[in-house]
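Survey of secondary and tertiary structure
Each chain, written out:
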Amino acid sequence: MPWRAPPGSVAAVDPYRVWLSEVMLQQTTTVHAAPYFEAFTRRWPTVTALAAADDADVMSAWAGLGYYARARNLLACARAVAREHGGVFPDTEAGLRALPGLGPYTAAAVSAIAFGRPANVVDGNVERVMARLFAVETALPAARPELRRRAEGLVADDRPGDWAQALMDLGATVCRPRTSECGRCPLTPWCAGFASGAPERFPVKAVKAAKPERAGVAWVALDPDGRVGLLRRPEKGLLGGMVGLPTSGWGGGEDAAPGPGPWRDAGSITHVFTHFRLTLEVRVGPGEGDLNWTDVETARDALPTVFRKALERGLG
């Protein structure tokens, strides 16, 4: 993975790269995050370079990674490090927690991996390892405090950055969600989940409630040159600050087409967000008004996934 340094090489670890990778990896797979990480570090190789970047450029470069509040927090944090710390990240967990957008997990990860500080780094992979190692019967999410306590009891001063990454990698590659490769696991002799004969039963999960359904309309407005009309969404709220297609409200609000049309029905798309499922009816036609007219390829690169789906539906 492009953000990793060799085991034990704390002095070679760049806190900026550790922090950037950890923010990108929240709710994102390593395979999906890696090309974004490489593009960001080529374009903005230091935290001060990122702090000086234009908001719209960063939001556009983030398009497709999802959870767009992370991109806004990324800029806020970079600017705080540049403005308040001279472009140098604080080297303690408490100092990192004081930065915008750094919660307990990210602060602990940067503290351990970048600065070699003993810290309790607990992500979903580590939760799974702890749940199986100690056969924790409490269902998630109620089990999380106990899983954190279990993990904290194993933190030591010896190579804490390598320890944190090893636990995460163990969960990602061996102690996996659906198939646990116990024959490859160094913890098998001590694992209560393995001893139970059914390690995959852990962590116990509460029954998920069905996601609420929302609906709206998205307009693919095309000018005579085949360019698509985009707009920038308000800074606050879902997909805040991102470029998007004109849409109605997503909760039954009034339609507000960007021009009189005529508008052709192009079908619909569905996109699942963290807390709800969205269906957008797609309309295609000649738009007008205060839109940013953008060639289609540029639009594809700039749009978040939900709007890219709607654009492709409209063009198809």
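Quick note: structure is the one above.
A brief structural summary.

1. Focus: helix α13 (residues 305–315)
- Listed as buried for α13 are Val306, Phe307, Ala310, Leu311 and Gly314. The buried residues of α13 occupy one face: seen down the axis, they fall within an arc of 135°.
- Turning to α13, the residues buried within the fold contact β1 (213–221), β2 (228–232), β3 (243–244), β4 (264–272), β5 (277–285) and α12 (296–302).

2. Concerning unusual backbone geometry
- With an omega of 5°, the peptide bond between Leu140 and Pro141 qualifies as cis.
- Structurally, the position occupied by Pro141 is in the loop between α8 (124–133) and α9 (144–152).
- Cis rather than trans, the peptide bond between Phe202 and Pro203 has omega equal to -5°.
- Summarising the element assignment, Pro203 is placed in the loop between α11 (192–196) and β1.
- Residue Gln27 is not a glycine yet carries a positive backbone phi of 65°.
- Residue Gln27 is classed as exposed on the basis of its relative accessible area of 61%.
- The phi torsion at Arg159 lies on the positive side, around 50°, for a residue other than glycine.
- Here Arg159 lies in the loop between α9 and α10 (160–173).

3. A look at empty space enclosed by the protein
- Scanning the entire structure with this criterion turns up two cavities of 30 Å³ or more.
- What lines the largest cavity is a set of 15 residues, among which Arg132, Cys175, Ser180, Cys185 and Cys191 lie closest to the centre.
- For the lining of the largest cavity, the element with the highest residue contribution is α8, accounting for three residues.
- Across the lining of the largest cavity, the residue classes tally to 11 nonpolar, two polar and two charged.
- Roughly 50 Å³ of volume is contained in the second largest cavity.
- In this structure, the second largest cavity is lined by Ala119, Asn120, Val121, Ala151, Val155, Trp163, Ala164 and Leu167.
- Among the elements that line the lining of the second largest cavity, the one with the most residues is α10, at three residues.
- Split into classes, the residues belonging to the lining of the second largest cavity amount to seven nonpolar, one polar and no charged.

Each value, and the rule that gives it
- Residues numbered from 1 in each chain as written.
- Predicted model: local features only at pLDDT ≥ 70, side-chain atom pairs only at ≥ 80, totals over all residues.
- Heavy atoms only, no water.
- Buried < 20%, exposed > 50% of the residue type's maximum accessible area, 1.4 Å probe, protein only.
- Helix = DSSP H or I, 4+ residues; strand = E, 2+ residues; numbered from the N terminus.
- Arc of directions from axis to C-beta.
- Contact = heavy atoms within 4.5 Å.
- 1 Å grid on protein atoms, 1.4 Å probe; cavity = no way out; pocket = protein on both sides within 12 Å on 5 of 7 lines; lining within 4 Å.
- Points joined across faces, edges and corners; volume = space filled by probe spheres on them.
- Nonpolar A, V, L, I, M, F, W, Y, C, P; charged D, E, K, R; others polar.

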